[in-house]
Structures are given as C-alpha cells and as structure tokens.
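# An overview of the molecular structure
One letter stands for each residue in the lines below.
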Amino acid sequence: SMPMRTVAMILAAYSYRHPAQKLKPFQEGLARHGVRLDCSERWIIEPGLEYDHGCLELLRREIPKGNLPTALLFSSDRYAVQAYAALHDAGLRVPQDISIVGFDDDHYACVLRPALTTIRQPRGEVGQAAFDMLMKLLKNPDAKIKNRHFACELIARDSTGPARAQEVSRRRGQ
C-alpha cells in the first residue's frame, strides 16, 4: 500500500499566528493529492532563535524522536540550510530519506548539494506593492489597505524525490 505522505511546515514563532487559517488553501490542495500538512507546534522554531540556529536546534531535538514526515517545507531557505546539517549529522540523506523544500530562492539555493528545491516569490512586485501601501498610508493614515496575493513559482531542483516506502528510522540502518 502507498504510504501516507506528510509535509511538515517549519515556521518561525513570529510567523505562527493563525497558521491553520493562513495555510488552509494549501492544506486543502495537498489533501487532494493524498498529502497531510503538519503545521503543529512541534515544528515551530523557538522565539528568539529565529535568526541564530533555531531550526538546527529544533531538528536536532525532533529527529531522534523518529516519526519524521516525508518532506520538510521551510518558510525560508536559510532554515533549509540548517536542516541539511541536522539531517546529515543524523545520517539521513536528502532526498532519499526525506525531501526538503525552501522558500525565497536565495542565491545559495542552487549551489547546495543536492541543489535546493524552493519557492520563488516575485520580490520586485512585493517590494513595489509595499512601497505603494506605505505611500498611501503616509498620504492618508486612515486609508484602507487590502491584502495582496502574489503568484509564486516552484523551482524544482534536487532536494525532493519520491515518497519513501516506509518510515525512516532515527539513523539509517537501525
């Protein structure tokens, strides 16, 4: 039988406000393809550690517990880089044992090995929209500001692969 595929969403504590609500369309889309999104508190980087090695510490704590998802989706490529280190140190291989997807398409995503699959957002459009909103608020502090949504692009590289057939133990060969 086909294994249940699970994607864990790794988020910084400051971006964890209402994740279920924000991620509902994404969660529903994954579910249509037989994938469960896990955005539980287990995968939240501790407050104050977001800009240090908080993701590395989180994974060093969670990997030995086992029951790892099929894939890890990071809210930043910076966190994905830390995951490479934690997974390597635990004897796990990307993507053979676990798939990794980042977000931002930072300049180093393509030089990592395996090259990082990531989600690219239109930085220019986002920056222009932020500037326009700021100018509108400066002219009229009571102005209504609408939420904007931007199309993102999946940049498929080498850090993702087919779902594994069975759960990966804490270390290969155990």
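Refer to the structure printed above.
All of the points below concern the structure found in this document. (Residues numbered from 1 in each chain as written. Predicted model: local features only at pLDDT ≥ 70, side-chain atom pairs only at ≥ 80, totals over all residues. Heavy atoms only, no water.)

## With respect to a nonpolar patch on the surface
A contiguous nonpolar patch, built from F131, L134, M135 and L138 and spanning about 390 Å² of accessible area, is present on the exposed surface. Along the chain, the position of L134 falls in helix α4 (residues 123–139). Judged by its relative accessible area of 48%, L134 falls in the partly exposed class. (Patch = residues over 30% accessible without salt bridge, like charges linked within 9 Å, V, L, I, M, F, W, Y side chains within 5 Å. Areas by Shrake-Rupley, 256 points an atom, 1.4 Å probe, with all protein chains shown as cover. Salt bridge = Lys/Arg side-chain N within 4 Å of Asp/Glu carboxyl O. Helix = DSSP H or I, 4+ residues; strand = E, 2+ residues; numbered from the N terminus. Buried < 20%, exposed > 50% of the residue type's maximum accessible area, 1.4 Å probe, protein only.)

## With respect to the pattern of salt bridges
Tallied over the full model, the rule gives 11 salt bridges. When the shortest N-O distance is used, the salt bridge between D105 and R157 registers 3.0 Å. Residue D105 is located in the loop between β5 (99–103) and β6 (117–120), and its partner R157 is located in the segment after β7 (153–155); the two are separated by 52 residues in the primary sequence. By relative accessible area, which is 14% here, D105 ends up buried. The partly exposed category is assigned to R157, whose relative accessible area is 21%. D106 is paired through a salt bridge with R123; the nearest N and O atoms lie 3.2 Å apart. Taken together, the positions of D106 in the loop between β5 and β6 and R123 in helix α4 put the pair 17 residues apart, joining distant regions of the chain.

All quantities given are derived from atomic positions and should not be read as evidence of function.
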